[in-house]
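# Coordinate analysis (summary)
Residue-level listing of the chains:
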Amino acid sequence: MVDFLLTPRQEELRSIAKKFAIEVMIPSAEKADREPDPAKSFDWNVVREGSRLGLRTLTIPKEFGGEGANVETAAMIGEQLAYGDLGMAVAFDQTWKILTAVCRVANDAQRKRWLPLIVEDDTCLMGICSTEPTAGSENILPYQEPGKGMQMRAEKKGDVWVLNGTKRYISNGGLAKYYMVRTRNDPDGPLRTSLTSFMVSADAPGFEVTEVWDKLGQRCVQNGTLQFTNVEVPDSDRVGEVGNAAQIGTEFLLGYGSNIQAGATVLGVAQRAYDLSVQYAFEREQAGGPIINHQIQRTRLARMAMQITAARAYIMQSAWSAGRPDQDPMHASLCKVFASEVAVHVCQQALELWAAAGYMRKNPLEKLIRDAQSFLHSDGTNDVLALKAGNYLMKPDPSDLVYSKRAAEAAAGR
Ligand SMILES: Cc1cc2nc3c(=O)[nH]c(=O)nc-3n(C[C@H](O)[C@H](O)[C@H](O)COP(=O)(O)OP(=O)(O)OC[C@H]3O[C@@H](n4cnc5c(N)ncnc54)[C@H](O)[C@@H]3O)c2cc1C
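Each chain carries its own residue numbering, running from 1 in the written order of its sequence. Reporting in this predicted model follows two pLDDT cut-offs: at least 70 for local features of residues, and 80 or more for side-chain atom pairs to be given and counted; totals over whole chains, interfaces and linings ignore these cut-offs and use all residues. To obtain the side-chain values, all non-hydrogen atoms of the structure were used and water was disregarded.

### Some details on the overall build of the chain
Scanning the chain from terminus to terminus reveals 15 helices and 10 strands. Only C-alpha atoms enter the radius of gyration; for comparison, a globular chain is expected to reach 2.2 Å times N to the power 0.38, where N is the number of residues. For the chain, whose C-alpha radius of gyration is 22 Å, the value lies close to the compact-globule estimate of 22 Å for 414 residues. Its C-alpha atoms put the chain at 80 × 70 × 40 Å along the principal axes. Considering only residue pairs separated by 6 or more positions, the chain has 76% of its internal contacts joining residues 24 or more positions apart. Where helices and strands are cited, they refer to DSSP runs of H or I of at least four residues and of E of at least two residues respectively, numbered from the N terminus. The contact definition used throughout considers only heavy atoms, calling two residues in contact when any of these lie within 4.5 Å.

### Observations concerning the site of the ligand
Proximity criterion: a residue is near a molecule or strand once any of its heavy atoms comes within 4 Å of it. The environment of the ligand is formed by 20 residues, the closest being Ser130, Thr131, Ser137, Ser171 and Thr381. Between the ligand and Tyr169 there is a distance of 3.1 Å, counted from a nitrogen atom to a backbone nitrogen or oxygen. The fraction of the free accessible surface of the ligand (980 Å²) that becomes covered by protein chains is 64%. Those elements giving two or more residues to the shell around the ligand turn out to be strand 1 (126-129), helix 6 (137-140), strand 3 (160-171) and helix 14 (382-390). Polar contacts, as counted here, are pairs of nitrogen or oxygen atoms within 3.5 Å of one another; within protein the pair requires one atom able to donate a hydrogen and one able to accept it, and residues that are adjacent in sequence qualify only if both atoms are side-chain atoms. Computed with the Shrake-Rupley method and a 1.4 Å probe, the accessible areas treat only the protein chains shown as cover for residues.

### So, the side chain of Gln297
Along the chain, the position of Gln297 falls in helix 10 (residues 295-321). Look past the residues within four positions of Gln297 in its chain and what remains in contact with it is Ile291 and Leu353.

### Observations concerning the packing of helix 3 (residues 71-84) against helix 9 (residues 258-283)
In this description, a line fitted to the C-alpha atoms serves as the axis of each element, helices being fitted only across the stretch in contact, and the angle between N-to-C directions of two axes falls anywhere from 0 to 180 degrees. Axis separation between helix 3 and helix 9 bottoms out at 7 Å; the angle between their running directions is 35°. In terms of crossing hand, the pair formed by helix 3 and helix 9 is right-handed. The segment helix 3 lies against helix 9, with Val71, Ala74, Ala75, Gly78, Glu79, Ala82 and Tyr83 engaging Ile260, Gln261, Ala264, Thr265, Leu267, Gly268, Val269, Gln271, Arg272 and Asp275. Left-handed describes a crossing whose near helix is turned anticlockwise from the far helix by less than a right angle; the clockwise case is right-handed.

### Description of the domain arrangement of the chain
Domain borders in the structure are assigned automatically or taken from a domain database. Parsing the chain into structural domains produces domain 1 (8-124), domain 2 (127-244) and domain 3 (254-390). Placing a centre on the C-alpha atoms of domain 1 and another on those of domain 3 gives a separation of 21 Å. Contact residues are listed per partner, giving 24 residues for domain 1 and 31 residues for domain 3. For the pair domain 1 and domain 3, the summed buried area comes to about 2200 Å², and 59% of that belongs to carbon and sulfur atoms. Summed over both partners, the accessible area (1.4 Å probe) lost when two parts come together is defined as the buried area.

### With respect to the packing of helix 10 against helix 11 (residues 329-354)
Relative orientation and spacing of two packed helices are given, respectively, by the angle between their axes and the distance between those axes. Between helix 10 and helix 11, the shortest axis-to-axis distance is 9 Å and the interhelical angle comes to 160°. When the axis of helix 10 is compared with that of helix 11, the two are roughly antiparallel. As for how helix 10 packs across helix 11, the hand of that crossing is left-handed. The residues of helix 11 that touch helix 10, namely those facing Gln297, Arg300, Leu301, Met304, Gln307, Ile308, Ala310, Ala311, Tyr314, Ile315 and Ser318, are His331, Leu334, Cys335, Phe338, Ala339, Val342, His345, Val346, Gln349, Ala350, Glu352 and Leu353. Split into classes, the residues belonging to the contact of helix 10 with helix 11 amount to 15 nonpolar, six polar and two charged. The scheme is simple: roughly parallel for angles under 35 degrees, roughly antiparallel for over 145, roughly perpendicular for 65 to 115, oblique for anything else. In this classification, Asp, Glu, Lys and Arg are treated as charged, Ala, Val, Leu, Ile, Met, Phe, Trp, Tyr, Cys and Pro as nonpolar, and every other residue, Gly included, as polar.

### Some points on the environment of Arg153
Within the secondary structure, Arg153 sits in strand 2 (residues 153-157). Taking relative accessible area as the criterion, Arg153 reaches 22% and is therefore assigned partly exposed. Each C-alpha atom of the pair Arg153 and Leu254 lies 26 Å from the other, and the pair is 101 residues apart in sequence. Aside from chain neighbours lying at most four places away, what touches Arg153 is Val162, Leu163, Asn164, Thr183, Arg184, Asn185, Asp186 and Pro187. Within the structure, Arg153 has its side chain in polar contact with the backbone oxygen of Asn185 (distance 3.1 Å). With a 1.4 Å probe rolled over the protein chains alone, any residue whose accessible area is under 20% of its type maximum counts as buried; one over 50% counts as exposed, and the rest are partly exposed.

### Topic: the pattern of salt bridges
For side chains bearing opposite charge, pairing can occur when the charged atoms are close. Any Lys or Arg side-chain nitrogen located within 4 Å of an Asp or Glu carboxyl oxygen qualifies as a salt bridge. Tallied over the entire structure, the rule returns 21 salt bridges. Residue Glu67 is joined to Arg9 by a salt bridge in which the shortest nitrogen-to-oxygen separation is 2.7 Å. Of the two residues, Glu67 sits in the loop between helix 2 (44-52) and helix 3 while Arg9 sits in helix 1 (residues 8-32), which places them 58 residues apart along the sequence. Across the pair Lys19 and Glu23 runs a salt bridge, and its minimum N-O distance is 3.1 Å. Within this pair, Lys19 and its partner Glu23 are both found in helix 1, separated by four residues, close to a single helical turn. For Lys19, a relative accessible area of 49% translates into the label partly exposed. The structure contains a network of salt bridges with shared partners spanning Asp33, Arg34, Arg361, Glu366 and Arg370.

### Some details on the pairing of strand 2
Sheet topology note: the strand 2/strand 3 ladder contains five bridges and is antiparallel. Counted as the bridge partner of Glu155 is Val162 from strand 3. Here the rule is simple: two strands pair whenever DSSP picks up at least two bridges between them. Where strand 2 folds back on strand 3, the antiparallel hairpin that results is connected by two residues, among which Gly158 adopts a positive phi of roughly 70°.

### Focus on unusual backbone geometry
Of note, the bond from Leu141 into Pro142 is cis; its omega dihedral lies within 30 degrees of zero at -20°. Along the chain, the position of Pro142 falls in the loop between helix 6 and strand 2. Here the phi dihedral of Tyr169 falls at roughly 65°; this positive angle occurs in a residue that is not glycine. Summarising the element assignment, Tyr169 is placed in strand 3. Residue Ala355 is not a glycine yet carries a positive backbone phi of 55°. Residue placement: Ala355 occurs in the loop between helix 11 and helix 12 (356-359).

### Comments concerning helix 14
Taken together, the buried positions of helix 14 are Asn382, Val384, Leu385, Lys388 and Ala389. In an axial view of helix 14, the angular spread of the buried residues amounts to 165°, which keeps them on one side of the axis. Summarising the contacts, the buried residues of helix 14 are in contact with helix 6, helix 8 (245-253), helix 9 and helix 11. By definition, the arc is the one covered by directions from the helix axis to the C-beta atoms.

What follows is the structure in structure tokens.
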């Protein structure tokens, strides 16, 4: 049975995150969003202050000095941070997701080596590298044609792996101190059995950030192209087994809650657009009074509230079931599809309500509209995630209680 009652600690963390989002992130983001050079927009003070509040290390187990938060708590806090700014929330959220994966997949020696370094450094962010110039959705599906999909190579030479290749659009690219990098140990096999993950430090010789992308939205975080040229990684920095990175990747999207957390963050954008719209509806006067008095605007706001609440319930239900043996893999991805589409729709409705004032760049709304678009594609395009979810559909068994013989006969034209 799903239980949405928050623990006292979850309540406390949520109000810490909301206060931080409103008092620290919003003022910083207003300025950073306007910075024309994407390599200069990131505000490290936000990370330092968030880290001091315990927000950066949310998913690290308590024994290593973190909060020990599960996917549910991370999703809830992600939404609060994204209320302040989606890009900055992504900087934290990516770090939590990767740390969840590291904590579950890394061996004891790796956890003891990496986690204290990450906890102690207030500016330590993480990135995950999958997408390449010639392989985006192919890695998400994953496409199983032998030799297709990501091409970045890892070749073993003695105790060292040599990495060569290019990763593109990586969140926290150029900011992160450690990257979890997915590579091909077998150039000719299908992705399912040919990938291996490594933890690569940003100061490794041969590692270079060759581009920081200028983006439509999420302008307060960096997305980089990362070049790996003969980067040597010791076998002791391999994460998981040789050839099992595709399985880790699937777990990353489902059990470790990557899609769920992505959906939660974009909802923070929708909630802010809604709050701004309620405020405006009570303050803006047209045709004899505040526009909230016009039924069409009241029902518009009610529908926005309905959609946000439904998306949040879907996200929290999926977060609650993350990693459980009976987790439904369809919904672990579809909740992100739904939440991101709701966020775009809610922002569009907010713009209708604000009209010309919302279209002006002085208005916080125009940034929310740009930010909301990002999660239609980030963490897997919605089309591809829906396609993946659809692949879980099973042919109904005629002995099943819900199987309809009448429908079968009708379908057969009888
Ligand atoms: C803001 C942002 C942050 C990101 N952060 C990261 C990150 O941290 N790490 C990382 O590795 N990547 C990251 N990405 C990359 C992201 O995961 C990819 O953009 C995404 O997987 C899609 O790949 P693509 O852009 O190459 O599109 P393509 O795969 O080229 O897709 C192009 C179009 O074809 C469609 N399509 C593709 N395959 C099929 C199919 N089989 N059937 C039907 N339609 C199909 C897609 O839905 C899309 O409409 C980020 C992207 C963005 C925008």
